[in-house]
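Examination of the molecular architecture
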Amino acid sequence: MPGKLFPLGGPVSEHDIVDREDFLISLETRLSEGQSIMLAGPRRIGKTSIALEVLRRIRTKGCYTALIDLFRYNSKKELALGIINACYENRSGIKKTTTALKDGLKKITGSAKLTAKIQDLEIALGLPAENRNDDELLTYALKLPEVLAQTDNRQIVLVFDEFQEVIRIAGEETLKVMRSYFQTQENAAYLFLGSKEGMMNTIFGDKRQAFYRFATILPIPAVSEAAWGTYISKKFAEKKITISHQTVTEILSRTGGHPQDTMLLCSEIYYALLEAGEDKLTFAFVQLGHARALATLSPVFDEILDELGKTALTRNVLMGLAAGKRIYSGLSNNPNEIKRAVDTLISKGIIEKSGRGTYHFIEPMLKDYLLETLEVY
Ligand SMILES: Nc1ncnc2c1ncn2[C@@H]1O[C@H](COP(=O)(O)OP(=O)(O)O)[C@@H](O)[C@H]1O
Ligand SMILES: [Mg+2]
C-alpha cells in the first residue's frame, strides 16, 4: 500500500521488493524467450509481487501481458472471461472489455471504437465471445493469446496466479484442454504461480498429469539476511530512527527472513516507536513489535492449522516439532504414519528437513505462535 513505511498485505512495488533482482532478470529473460515457468511456494512469500514486476518490465519492452488471478473465479465461464479480458486489455486499455461491450456502452461516444479495437479478433476466432456456451467460450479464451500476439506481431506473456485453482473452478479435465492449446502457441509464454505446492508439483511434475514438462519449475530463492539488513536500516533511517546491526539480526532471527513476516514485524516495531515517541530502536521494541505481529498473524496461522485439521496426527507432529521434540521417538504412533504427517507438512511448505530426523519451521513466527498456544491443546 502506498505511503506505508513497510508495505504489507498485497503485492509490493519495485522499490520494496527486496533481493529479487537476479531472479527477476532470469524470469524476464526466460519468458521473453518464450519459455514457460512454474513457481510454487506458500502464501505471503512474494510470488505475486515477483509476477507483477516481471510483467511491468516485459510491457516496457513492448510485449503484451495478461494477469489472471484464479482466486477470483468460481466457474468455467468466469475463468474464460477473465482470460479474454486480460488479453483484450492490451488493445482496449480497460480491464473489463466484455462487460463494457455488453452493457451497451456502444452507444456512448468512443465505445464504438472499443468494438473496432477487438472486432478483428472476434472474426479471426469465429463467433463473438458473448454468443458461446461455457466450453466454447473457454476454447475462445485459450486460443486468444496466440491469435492476438500473431495479429499484432508481438510476444505475449500470461501469468496464471493460484493456478491450482483451475481444478476447483473448472475440473481436472480443463487442465488437459488448456495444455492442448498452450503447447501449440509460439508467441505466448506462461508463468504459473501456485500456493498449494503439493498440487502444483503434481500438475507439473507427474508424468500422468496434463502439464507434465510444459513449464520449467524454478525454486523461489529466499531473501538474504544481508539484503534485508540493508533495506531495514535504510527504511528506519528515512524516519530518522537509529537501529544497530545487532537489533537487525534480532529481527531477522525472529522472522527467519520470511518476506511478509519480516515486513510485518518491522511495521509493528515502527508503529510502537511512533506511539512511544522514540527514535532509538531497542531490543524492548523488537519484543513489543513481535508480540503485536504474532497477534496480527493469528488468523493466518489458524487458517494454516485448520487446513491440517482433518488428521490430528499431522497437528500433533507439528506441535511436537515446535516444542523441540524428536518426533519419531517422542510420539507413540506408527513411524509410517508419522512419516506421512511429516511429508504433508513439507509439501504444504510449513517445515523443511534440516538434517537426519530434524526439521525446521519455514516461518519461525508460526513456531512461536504454536508455542504460545501450546497449553491450549
Ligand atoms: N521481495 C520482497 N521483499 C520484501 N517484502 C516482500 C517481498 N515479497 C513479499 N513481500 C511481503 O510479503 C507480502 C505478500 O507478498 P505477495 O507478493 O502477495 O506474496 P504471495 O503472492 O506469495 O502470497 C507483501 O505485501 C510484502 O509485505
Ligand atoms: Mg499471491
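1. Quick word on the overall build of the protein chain
A count of helical and extended segments in the protein chain gives 17 helices and seven strands. Taking the principal axes of the C-alpha coordinates as reference, the protein chain spans close to 65 × 55 × 35 Å. Taken across its 377 residues, the protein chain has 49% of its residues classed as buried. Considering only contacts within the protein chain whose residues lie at least 6 apart along the sequence, 70% involve residues at least 24 apart. When the accessible surface of the protein chain is summed, it comes to about 18,700 Å², and 51% of that surface belongs to carbon and sulfur atoms. Computed over 48 positive and 47 negative side-chain charges, the inter-centroid distance for the protein chain is 2 Å.

2. As for the packing of aromatic side chains
A complete count under the given rule lists 22 aromatic pairs for this structure. The interplanar angle of 35° and the centroid separation of 6.0 Å between the aromatic rings of Phe 160 and Phe 182 together place this pair among those described as tilted. With Phe 160 in strand β3 (residues 156–161) and Phe 182 in helix α8 (residues 173–182), this residue pair connects regions lying 22 residues apart in the sequence. As far as burial versus exposure is concerned, Phe 160 and Phe 182 are alike and both buried. Look at Phe 163 and Phe 211: their rings are 5.3 Å apart centre to centre, the planes differ by 80°, and that puts the pair in the edge-to-face class. Of this pair, Phe 163 sits in the loop between β3 and α7 (166–170) while Phe 211 sits in the loop between α9 (197–205) and β5 (216–217), placing them 48 residues apart in sequence. Ring-pair connections join several aromatic residues into one group, and the members of that group are Phe 160, Phe 163, Phe 182, Tyr 190, Phe 192, Phe 204, Phe 211 and Phe 214.

3. A few points about the nonpolar core
Ranked by size, the top nonpolar core spans 51 residues in total, and within it Ile 232, Phe 236, Ile 269, Leu 281, Val 317 and Leu 318 carry the most contacts. At the level of elements, α10 (225–238), α11 (245–255), α12 (259–276), α13 (283–308), α14 (312–322), α16 (335–347), β7 (358–361) and α17 (364–373) are the ones that each hand at least two residues to this core. Each of domain 2 (224–299) and domain 3 (309–377) gives at least three residues to this core. When residues no more than four places from it in sequence are discounted, the contact partners of Ile 232 are Ile 243, Ile 251, Leu 252, Thr 262 and Cys 266.

4. What about the site of ligand 1?
Taken together, 22 residues form the shell around ligand 1, and within it Gly 10, Arg 44, Lys 47, Thr 48 and Ser 49 come nearest. Backbone polar atom of Gly 10 to an oxygen atom of ligand 1: 2.4 Å apart, as the coordinates give it. Within the complex, 95% of the 560 Å² of free accessible area of ligand 1 lies under protein. Among the elements of the structure, α2 (47–60) and α12 are those that each provide at least two residues to the shell around ligand 1.

5. Things to note about the domain arrangement of the protein chain
Per the domain assignment, the segments of the protein chain are domain 1 (20–217), domain 2 (224–299) and domain 3 (309–377). The C-alpha-based centres of domain 1 and domain 2 are spaced at 38 Å. Domain 1 puts four residues into the contact, and the matching count from domain 2 is five residues. Taken together, both faces of the contact between domain 1 and domain 2 bury some 320 Å²; the carbon and sulfur share is 50%.

What counts as what
Per-chain numbering applies: the sequence of each chain, read as written, is numbered from 1 onward. Labels follow written order: the first chain is A, the first ligand is 1, and so on. At least 70 in pLDDT is required for a residue's local features to be given in this predicted model, at least 80 for side-chain atom pairs to be given and counted, and no such filter applies to totals for whole chains, interfaces and linings, which use all residues. For side-chain calculations, the full set of non-hydrogen atoms in the structure is used, while hydrogens and water are omitted. A run of H or I in DSSP counts as a helix once it spans at least four residues, and a run of E counts as a strand once it spans at least two, with each numbered from the N terminus. For every residue, the accessible area obtained with a 1.4 Å probe (protein chains only) is divided by the maximum for its type, and the residue is called buried under 20%, exposed over 50%, and partly exposed between those limits. Residues are treated as being in contact if the distance between any of their heavy atoms lies within 4.5 Å. The method behind every accessible area is Shrake-Rupley, applied with a 1.4 Å probe, and residues are considered shielded solely by the protein chains displayed. As used throughout, the charge tally considers Lys and Arg to be positive and Asp and Glu to be negative, leaving His and the chain termini uncounted. Here the site of a charge means NZ on Lys, CZ on Arg, CG on Asp, or CD on Glu. To pair, rings of Phe, Tyr and Trp, with the six-membered ring standing in for Trp, must have centres within 6.5 Å; the planes then decide the type, stacked if under 30 degrees apart, edge-to-face if over 60, and tilted in the middle. Buried residues of nine kinds, namely Ala, Val, Leu, Ile, Met, Phe, Trp, Tyr and Cys, make up a nonpolar core once their side-chain atoms join them within 4.5 Å. Where each domain starts and ends follows an automatic or database-derived domain assignment. We call a residue near a given molecule or strand whenever any one of its heavy atoms falls within 4 Å of it. Polar contacts here mean pairs of N or O atoms no more than 3.5 Å apart (in protein, one a potential hydrogen donor and the other a potential acceptor; neighbouring residues in sequence count only if both atoms are side-chain atoms). Accessible area, probed at 1.4 Å, shrinks when two parts are joined; the buried area is that loss added up over both.

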